[in-house]
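Chain residues, written in single-letter form:
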Amino acid sequence: MNLTLLVLGFTFVVFAFAKPNSSNSTEPRGTTRIVGGQEATKAYPYQVSVEVPLGGGVWKHICGGSIITSRHILTAGHCVVTDDHKLADPKNIAVFAGSHYRGYGSKYIASKLMHHEDYYSNDGKPINEYDIAIITLADTIKIVPNEVEIIKLSTDQTGGGVSCLATGWGSTTDYDHAQASDVLKEIKMKTVTI
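Residues numbered from 1 in each chain as written. Predicted model: local features only at pLDDT ≥ 70, side-chain atom pairs only at ≥ 80, totals over all residues. Heavy atoms only, no water.

## Focus on the packing of aromatic side chains
Line of reasoning, step 1. Evaluation of the coordinates by the stated rule reveals 3 aromatic pairs.
Line of reasoning, step 2. Relative to tyrosine 46, the ring of tyrosine 44 lies with its centre 6.1 Å away and its plane at 75°, an arrangement referred to as edge-to-face. For the residue pair tyrosine 44 and tyrosine 46, the accessibility class agrees, reading buried in each case.
Line of reasoning, step 3. Their ring planes at 65° and their centres at 6.3 Å tell us that tryptophan 59 and phenylalanine 96 sit as a pair that is edge-to-face. With a gap of 37 residues between them, tryptophan 59 in strand 3 (residues 58-69) and phenylalanine 96 in strand 5 (residues 94-97) connect regions that are remote in the sequence. Each member of the pair, tryptophan 59 as well as phenylalanine 96, is classed as buried. (Phe/Tyr/Trp six-rings, centres within 6.5 Å; stacked < 30°, edge-to-face > 60°. Buried < 20%, exposed > 50% of the residue type's maximum accessible area, 1.4 Å probe, protein only. Helix = DSSP H or I, 4+ residues; strand = E, 2+ residues; numbered from the N terminus.)

## Describing the pairing of strand 3
Line of reasoning, step 1. Here strand 2 (residues 47-55) pairs with strand 3 via 8 bridges, running antiparallel. Across the sheet, glutamate 51 pairs through a bridge with histidine 61, a residue of strand 3.
Line of reasoning, step 2. Hairpin remark: strand 2 followed by strand 3, antiparallel, with 2 residues in the connecting loop; positive phi at glycine 56, about 65°.
Line of reasoning, step 3. Sheet topology note: the strand 3/strand 4 (residues 72-75) ladder contains 3 bridges and is antiparallel. Residue pairing in the sheet places threonine 69 in a bridge with histidine 72 of strand 4.
Line of reasoning, step 4. Where strand 3 folds back onto strand 4 in an antiparallel hairpin, the turn is made up of 2 residues. (Pairing = 2+ DSSP bridges.)

## Observations regarding the side chain of threonine 136
Line of reasoning, step 1. Tracing the sequence through the fold places threonine 136 in strand 7 (residues 133-137).
Line of reasoning, step 2. A relative accessible area of 14% means that threonine 136 is categorised as buried.
Line of reasoning, step 3. In this structure the side chain of threonine 136 is engaged in a polar contact, spanning 3.5 Å, whose partner is the side chain of histidine 72. (Polar contact = N/O pair within 3.5 Å; in protein donor to acceptor, adjacent residues only side chain to side chain.)

## A word on the nonpolar core
Line of reasoning, step 1. Val50, Ile73, Ile93, Val95 and Ile135 are the most contacted members of the largest nonpolar core, which totals 25 residues.
Line of reasoning, step 2. Those elements that provide at least two residues to this core are strand 2, strand 3, strand 5, strand 6 (106-115) and strand 7.
Line of reasoning, step 3. Among residues more than four places away in sequence, those in contact with isoleucine 135 are Val50, Arg71, His72, Ile73, Thr75, Val80, Ile93, Val95, Ala110, Lys112 and Leu113.
Line of reasoning, step 4. Ala40, Tyr44, Tyr46 and Ile151 belong to the second largest nonpolar core, which has 6 residues in total. (Core = buried A, V, L, I, M, F, W, Y, C linked by side-chain atoms within 4.5 Å. Contact = heavy atoms within 4.5 Å.)

## Digging into the sheet that holds strand 7
Line of reasoning, step 1. Pairing within the closed barrel is antiparallel, and its 6 strands lie in the order 2-3-4-7-6-5. Neighbour to neighbour, the strand axes of the sheet diverge by 45° on average, direction disregarded. (Axes fitted to C-alpha atoms, helices over the stretch in contact; angles between N-to-C directions.)

## What about the environment of lysine 190?
Line of reasoning, step 1. The residue lysine 190 is located in strand 9 (residues 185-190) in this model.
Line of reasoning, step 2. A relative accessible area of 54% means that lysine 190 is categorised as exposed.
Line of reasoning, step 3. Separated by 28 residues in sequence, lysine 190 and valine 162 place their C-alpha atoms 5.2 Å apart.
Line of reasoning, step 4. Excluding its chain neighbours within four sequence positions, the residues that come into contact with lysine 190 are Gly161, Val162, Ser163 and Cys164.
Line of reasoning, step 5. Among the polar contacts listed, one links the side chain of lysine 190 to the side chain of serine 163, at a separation of 3.3 Å.

Structure follows, in C-alpha cells:
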C-alpha cells in the first residue's frame, strides 16, 4: 500500500503538458497537468517523453514518464487511453529517453499498455486517485550512466506537505492552447495526500 501511494504520488509530479486530441482517435487523450517552472538545472536520466505519431516520422509529446525497469515506463493513466475510454494502440506510443530536449533521444516503441484496474468508475469517468499506467516497451532501453537510467523508487510512504521536485516538458502558461516546452523543466512543489 505504501509503495502504491508513493508511486501514485510520484506519477503525479512527472506529468507534462499534453493537448487533448479528437474523440475518434486511437491515440491517447492527454491533459494539462503542470504549469510553470524553469529549465532543469541538472540531468534527470530517468525522465522520458511519451509521444504519439503525427505522420511522416514526426512525433508529438503528450506526457512525461519515468523509467522504472529497462522495459517499463511509469506514466499517467490518461496518457494511454483514448477519448472513448479504451487503451490506445501500443504502436501509437513511443518514449524518447536520454535527452534534455523534447522529441530527441533514443526512441522506443510500446508493445503493451496497462492502466490501473480502478481507473474508471462505474459510470465510466476517470478517477484521479488511480490515474497511473505502465508502458511496456518492445525493446530494452539501453542504460547509459548519467544519461539514461532507471529511477530509484522509495518504499517509504510520503505524506502531504513534503517538498519535492517535478520534472517534465510542461507549459509555462495556464491557457487552453499553450505549447509544451522544448526543454526539460523543473518546479518545486509540495506533495498532497489523496
